[in-house]
Amino acid sequence: MICCGVSTAIDYSESSMMEARSSLGIISTFMNDAQAYMKGQLQCSSVQEAVLWERLAETKSSVMKALADDFDTPRAINAVMNLVYHGNCQLQPVSQSEGGARSPAVFGAMVSYIRDALDVFGVDLLHSKVSSSAM
């Protein structure tokens, strides 16, 4: 016997599509900035690495709980967006290098996790075209 959870309606409207495009754009920008940081092409103030590792662990837990709860995609995506927000808060460019320690490992882990999470939803940022002409 297969038991199904309570199904919810999918919000498919022009505004929800614009919000999805905006979210993909934000994620894509973060991924590009994080990769530039990891390559040493983006100079930032000191990163609070421990905070980001904690946020990554919390996000993984939140996404798993959301997916286990009747595949609650909006809640899972919200958790990923929260991780991106906190990552963006740490990637504050500075005009000159402060010579402080860099923290590329945490951003590598975040980028890898976000790619994996988006893959669960069938989103491949490398092949997605997020542009203003598509809005």
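Calculation rules
- Residues numbered from 1 in each chain as written.
- Predicted model: local features only at pLDDT ≥ 70, side-chain atom pairs only at ≥ 80, totals over all residues.
- Heavy atoms only, no water.
- Helix = DSSP H or I, 4+ residues; strand = E, 2+ residues; numbered from the N terminus.
- Expected span 1.5 Å × (residues − 1).
- Contact = heavy atoms within 4.5 Å.
- Phe/Tyr/Trp six-rings, centres within 6.5 Å; stacked < 30°, edge-to-face > 60°.
- Buried < 20%, exposed > 50% of the residue type's maximum accessible area, 1.4 Å probe, protein only.
- Lys NZ or Arg CZ within 6 Å of the ring centre and 35° of its normal.
- Axes fitted to C-alpha atoms, helices over the stretch in contact; angles between N-to-C directions.
- Parallel < 35°, antiparallel > 145°, perpendicular 65-115°, else oblique.
- Left-handed = near helix turned anticlockwise from the far one by under 90°.
- Salt bridge = Lys/Arg side-chain N within 4 Å of Asp/Glu carboxyl O.

Draft legend 1. Helix α2 (residues 49–68), seen in detail. For α2, with 20 residues, the first-to-last C-alpha span of 29 Å sits near the 28 Å given by 1.5 Å per residue. Tucked inside the fold, the buried residues of α2 contact α3 (73–90) and α4 (104–120). In the segment just after α2, D70 is the residue with positive phi, at about 60°.

Draft legend 2. Up close: the packing of aromatic side chains. Here the structure, examined in full by the defined rule, presents 3 aromatic pairs. Each ring, one from F30 and one from F107, has its centre 6.4 Å from the other, and the planes form 45°; the classification is tilted. Residue F30 is located in helix α1 (residues 14–38), and its partner F107 is located in helix α4; the two are separated by 77 residues in the primary sequence. Assessed through its relative accessible area of 0%, F30 is described here as buried. Of the residues examined, F107 reaches a relative accessible area of 0% and is grouped as buried. Here the aromatic residues F30, Y37 and F107 are joined through ring pairs into a cluster of three or more. The ring centre of Y37 lies 4.2 Å from the NZ or CZ of R102, which sits over that ring.

Draft legend 3. A look at the packing of α1 against α4. Remark: α1 packs on α4, axes separated minimally by 9 Å, with the N-to-C direction vectors making an angle of 150°. One finds that α1 runs roughly antiparallel with respect to α4. In this structure, the crossing between α1 and α4 has a hand that is left-handed. Here α1 contributes I27, F30, M31, A34, Q35, Y37 and M38 to the contact with α4, which in turn contributes P104, F107, G108, M110, V111, I114, R115 and L118.

Draft legend 4. Representation of the pattern of salt bridges in the model. Evaluation of the coordinates by the stated rule reveals 3 salt bridges. Across the salt bridge formed by R55 and E58, the nearest N and O atoms sit 3.5 Å from each other. One end of the pair, R55, and the other, E58, are both in helix α2, 3 residues apart, so they sit about a helical turn from each other. Classification of R55 by relative accessible area gives partly exposed; the value is 27%. The class of E58 is partly exposed, set by a relative accessible area of 36%.

Draft legend 5. Representation of the side chain of T59. For T59, the position within the fold is in helix α2. Once you skip the residues sitting within four places of it in the chain, T59 turns out to touch A79, V80, L83 and Y113.

Draft legend 6. Representation of unusual backbone geometry in the model. Even without being a glycine, D70 presents a positive backbone phi close to 60°. Mapped onto the elements, D70 comes out in the loop between α2 and α3. For D70, a relative accessible area of 45% gives the class partly exposed. Of note in the backbone geometry, F71 takes a positive phi value of approximately 50° without being a glycine. By the secondary structure assignment, F71 is in the loop between α2 and α3.

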